[in-house]
Amino acid sequence: MTKLTDETRASLKSRTRLIHLGRDGAQSQGFVNLPPFRGSTVLYPDMETLKSRKQRYTYGTHGTPTTDALRAAWTDISGAAGTELVPSGLAAIVVALMTAVSAGGHLLMTDSAYGPARAFAMGALKRLGVETTFYDPRAGAGIEALFRPNTSAVLTESPGSQSFEIQDVPAIAEVAHARGACVLMDNTWATPLFFPPHAHGVDMAIEAGTKYLSGHSDLLLGLVSANETWFPRLQHTAGQMGIPAGPEDVFLALRGLRTMELRLREAERQGLAMARWLSERREVLRVLHPALPDDPGHALWKRDFAGSSGLFSVILKPAPEAAVAAFLDGLELFGLGYSWGGYESLVIPFDCASYRTATTWAPGGPALRFSIGLEDAEDLKADLDRAFARLKAAA
Ligand SMILES: *Cc1c(COP(=O)(O)O)cnc(C)c1O
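Residues numbered from 1 in each chain as written. Predicted model: local features only at pLDDT ≥ 70, side-chain atom pairs only at ≥ 80, totals over all residues. Heavy atoms only, no water.

## Some points on the site of the ligand
Item 1. Lining the immediate surroundings of the ligand are 14 residues, of which Gly89, Leu90, Asp186, Thr210 and Lys211 lie closest.
Item 2. Here an oxygen atom of the ligand and a side-chain polar atom of Thr210 are 2.5 Å apart.
Item 3. The contact in question runs from an oxygen atom of the ligand to an N or O atom on the side chain of Trp340, over 3.0 Å.
Item 4. Protein chains shield 91% of the accessible area of the ligand, which is 380 Å² for the free molecule. (Near = heavy atom within 4 Å. Polar contact = N/O pair within 3.5 Å; in protein donor to acceptor, adjacent residues only side chain to side chain. Areas by Shrake-Rupley, 256 points an atom, 1.4 Å probe, with all protein chains shown as cover.)

Below, the structure written as structure tokens:
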């Protein structure tokens, strides 16, 4: 096997790219997978090399062949100029925000943002002199009214990972760029395979690799990809913060990368089947899934996204808390737990009303978020059939 030429690589479909990216037979001594390089110290052959600063690997925090492989692959599928790896999705949000804001600055954050991103803005960023305004995720170009002379960044997340509003990211980017602000996006739901972030105007895209890149709920990882303008600044900030991703997690993420598109396509198919089935249940008020034609975000999703993942929410018709607990407690196939994107199906109750400030969350009934895994959908439906029977009995 010879090394891929740039021309061949550019012509490859994403599924093929995911198999070949970041693989260098010479570096892995012929083995298919590159091992996890572990290490702090890197030895120099002599003083001249040390002084020249030309040696590629210099210290564990500055990268290894394992981290380079994943960074190169992610940069390619994201259409980015470069990628930084950090130990969690939350750390990716933190590094991206720390790159984009400064003391005395102003940040716009979607009201649908991942909860801990909000906590970071209201905690550490506030203490460091950065003010945050939360905005309606559906604001689109209307976000312009919220800009101030010192607004330096806009954080988007589309769709929100509990409430599933699709944002008009290109319209927001146009407004932000006209005012010199940086556009960040938490792209964990769609991944670059279903939403190439930089082609839609995003300057820095955040991915919790913990979810679909891992695919097996056995690691924590964050990735931040950036375009040419922002990558040097991102690299600088990440380097100063000293939070490299762990070698074993990066190794496992490279493994997950090879099957990510297959798993995502299956999650999409299964997720849609389950979302449609749930939307027809009489116990269900509505399903929040942007790929369903009657979803308020459907037109934008159709315009900008190449697919949907297996994560969506369901609003039940009003039911007592004890009945919802009976629904959840007896589940045999769905696990009750946070996170998502693994091979196993999960469900978790949630309530955005407790933290939202720019929009009112009043969905009309108890809210449940589902992450649909790779089980047979008929088995999943049977598990939920029994759950609905328990809900009815306890109501
Ligand atoms: C899980 C998640 C994160 C954080 O990822 P961790 O690796 O768990 O820190 C960030 N954003 C979204 C949308 C998530 O779902």
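## Focus on the layout of surface pockets
Item 1. Space inside the largest pocket adds up to approximately 660 Å³.
Item 2. Forming the walls of the largest pocket are 26 residues, and the residues nearest its centre are Lys3, His20, Gly22, Arg23 and Asp24.
Item 3. Counting only elements with at least two residues in the lining of the largest pocket, the list comes to α1 (6–11) and α4 (65–78).
Item 4. With five residues, α4 is the largest single contributor of residues to the lining of the largest pocket.
Item 5. Looking at the lining of the largest pocket, its residues break down into 12 nonpolar, eight polar and six charged. (1 Å grid on protein atoms, 1.4 Å probe; cavity = no way out; pocket = protein on both sides within 12 Å on 5 of 7 lines; lining within 4 Å. Points joined across faces, edges and corners; volume = space filled by probe spheres on them. Helix = DSSP H or I, 4+ residues; strand = E, 2+ residues; numbered from the N terminus. Nonpolar A, V, L, I, M, F, W, Y, C, P; charged D, E, K, R; others polar.)

## Examining the packing of helix α10 (residues 247–279) against helix α13 (residues 377–394)
Item 1. Where α10 meets α13, the closest approach of the two axes is 11 Å, and the angle between their N-to-C directions is 30 degrees. The orientation of α10 relative to α13 falls into the category roughly parallel. The way α10 lies across α13 gives a crossing that is right-handed. Of α13, the residues touching α10 (which contributes Gln270, Met274, Trp277 and Leu278) are Ala377, Leu380, Lys381, Leu384, Asp385 and Phe388. (Axes fitted to C-alpha atoms, helices over the stretch in contact; angles between N-to-C directions. Parallel < 35°, antiparallel > 145°, perpendicular 65-115°, else oblique. Left-handed = near helix turned anticlockwise from the far one by under 90°. Contact = heavy atoms within 4.5 Å.)

## Focus on empty space enclosed by the protein
Item 1. Evaluated as defined, the whole model comprises three cavities of 30 Å³ or more.
Item 2. Around the largest cavity sit Gly22, Arg23, Val32, Asn33, Leu34, Ala69, Phe251, Leu254, Arg255 and Arg258, which together line it.
Item 3. Ranked by residues supplied to the lining of the largest cavity, first place goes to α10 with four residues.
Item 4. Taken together, the residues that form the lining of the largest cavity break down as five nonpolar, two polar and three charged.
Item 5. When its volume is computed, the second largest cavity comes out at roughly 40 Å³.
Item 6. For the second largest cavity, the full set of lining residues is Tyr212, Gly215, Arg263, Ala267, Gly341, Gly342, Tyr343, Ile372, Gly373 and Leu374.
Item 7. Broken down by class, the residue content of the lining of the second largest cavity amounts to five nonpolar, four polar and one charged.

Treat this as a map of the structure, not an account of what it does.
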